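Inside the fold
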Amino acid sequence: MNYFSSNFKLGILGGGQLGKMLLNDTRKFDIYTCVLDASNEAPCKIASNEFHLGDLMDFDAVYNFGKQVDVLTIEIENVNVDALEALEKEGKKVYPSSKTLRTIQNKATQKLFYVDHKLPTASFSRFAYLSEIEDAINNGGLVFPFVWKAAQFGYDGNGVKVVRKLSDLDGLPNGECIAETLVPFKHELAVIVARNASGETKTFPVVEMEFHPEANQVEYVICPARIPDAVAKKAVEVALNTSKAFNHVGLLAVEMFQTQNDEILINEVAPRPHNSGHQTIEASYTSQFEQHLRAILNLPLGRTDSKVGGVMVNLVGAEGFSGNVVYENIESIMNLDGVTPHIYGKKQTRPFRKMGHVTIVNEDLNEARRIAEEVKKTIKVIS
């Protein structure tokens, strides 16, 4: 099929920043794109060929949108899977598949998938209601500390909480959830696996992620991870085994813990471009977004190694500020060597909302990390 400067239409479910960055590469290749999102102010609106308003969880909205395109992909997991399954039965190409998404959308189902496929992950218990956790604690079946995770609709640190005492459960939603053993880890790592429909598979270098202690959001992504080669090799092996189990097409970001004993445990996965791959735009031979396009269109996969060391800094809304966004001191960080800001185009800020990111590239990774700290302290996302 001819994808370039043709009548081919690529459909993207979700109009957020991941879609916006994906559209940079569809523009580069002159691939016609259609985007579905519920917000008329979605970042993707200005860059897509067609922008459609619609609820991603609504069957008819997703189904009717999918009928109009040749290949359908996502930039967010929370979409109507029944509609995707119906489209697949009619012969529509959907990547990732409805089967993969159905498993990943629910964290309990996702964890059971790892157990069934003998993939390493932290031990956990599954609960239909939050109230069952208190019963398990009182009966001795669950001990502190543990990590509470909502089974569905968590994002950017929402839907996850470390529980050290009974009162930490106060205010949490009373729906399906899991209680996961709190892993004492050295590092949080991630590997992005790319796989096309022909089965060609490539991995990006292992990255190290540093998280905000309160928001549970990634603050820094460091590539390559500052870990021994043997640990990196093990992480890549786990990521490849996970990809093989899902038999996915597109990108699969595998987030992992490196334990104190240098074992690798899967935390969770995302079947799309991911926060842990943003530095690839400036630092890699092929960005994660171009690679996702190559994979879902069954094109040869690009080179995945890095040209230079890279650190990504997330730009999130400052605490205490909600309203029309203002980026303070952005000119100052642009005066630093190797710094490239990416602004997502969200007009409204609120505490910890992802508003952009900054990539720092440098031949010396430690220097890149130092500059990243300076960037973090300098730029402010306020209103």
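Things to note about helix α7 (residues 229-246)
Compared with an ideal rise of 1.5 Å per residue, which puts 18 residues at 26 Å, α7 spans 26 Å between its outermost C-alpha atoms and is within 8% of the ideal. When α7 is considered as a whole, its buried residues turn out to be V231, A232, A235, V238, A239, T242, S243 and F246. The arc that holds every buried residue of α7, seen down its axis, measures 135°, which confines them to one face. Seen from the open side of α7, the exposed residues pointing more than 90 degrees away from its buried face are D229, A230, K233 and K244. Those residues of α7 that are buried are in contact with α4 (98-105), α5 (107-116), β10 (185-195), β14 (250-259) and β15 (264-270). Where α7 ends, the next residue or the one after it, N247, has phi of about 55°, a positive value.

Examining the packing of aromatic side chains
Enumeration over the complete set of coordinates arrives at 8 aromatic pairs. On the numbers, 6.2 Å between centres and 85° between planes, the contact of Y3 with F4 is edge-to-face. Owing to a relative accessible area of 33%, F4 belongs among the partly exposed residues under this scheme. Residues F59 and Y63 carry aromatic rings whose centres are separated by 5.7 Å and whose planes lie at 15° to one another, so their mutual orientation is stacked. Of the two residues, F59 and Y63 both sit in helix α2 (residues 59-67), 4 residues apart, roughly one turn of that helix. In textbook terms, an aromatic cluster arises when at least three aromatic residues are bridged by ring pairs, as seen for Y3, F4, F8 and F29. When the ring centre of Y220 is taken as reference, the NZ or CZ atom of R369 above it lies at 3.9 Å.

Structural notes on the sheet that holds strand β9 (residues 177-181)
If you walk across this open sheet you meet the 4 strands as β6-β9-β7-β8, and the pairing is antiparallel. What marks the edges here is a single partner per strand, and that holds for β6 (124-127) and β8 (160-163). Between one strand axis and the next, the sheet turns by 20° as a mean value, whatever way the strands run. Those strands touched by α5 are β6, β7 (146-150) and β9, and its axis lies near 140° from that of β6.

Rules behind the numbers
Residues numbered from 1 in each chain as written. Predicted model: local features only at pLDDT ≥ 70, side-chain atom pairs only at ≥ 80, totals over all residues. Heavy atoms only, no water. Helix = DSSP H or I, 4+ residues; strand = E, 2+ residues; numbered from the N terminus. Expected span 1.5 Å × (residues − 1). Buried < 20%, exposed > 50% of the residue type's maximum accessible area, 1.4 Å probe, protein only. Arc of directions from axis to C-beta. Contact = heavy atoms within 4.5 Å. Phe/Tyr/Trp six-rings, centres within 6.5 Å; stacked < 30°, edge-to-face > 60°. Lys NZ or Arg CZ within 6 Å of the ring centre and 35° of its normal. Pairing = 2+ DSSP bridges. Axes fitted to C-alpha atoms, helices over the stretch in contact; angles between N-to-C directions.

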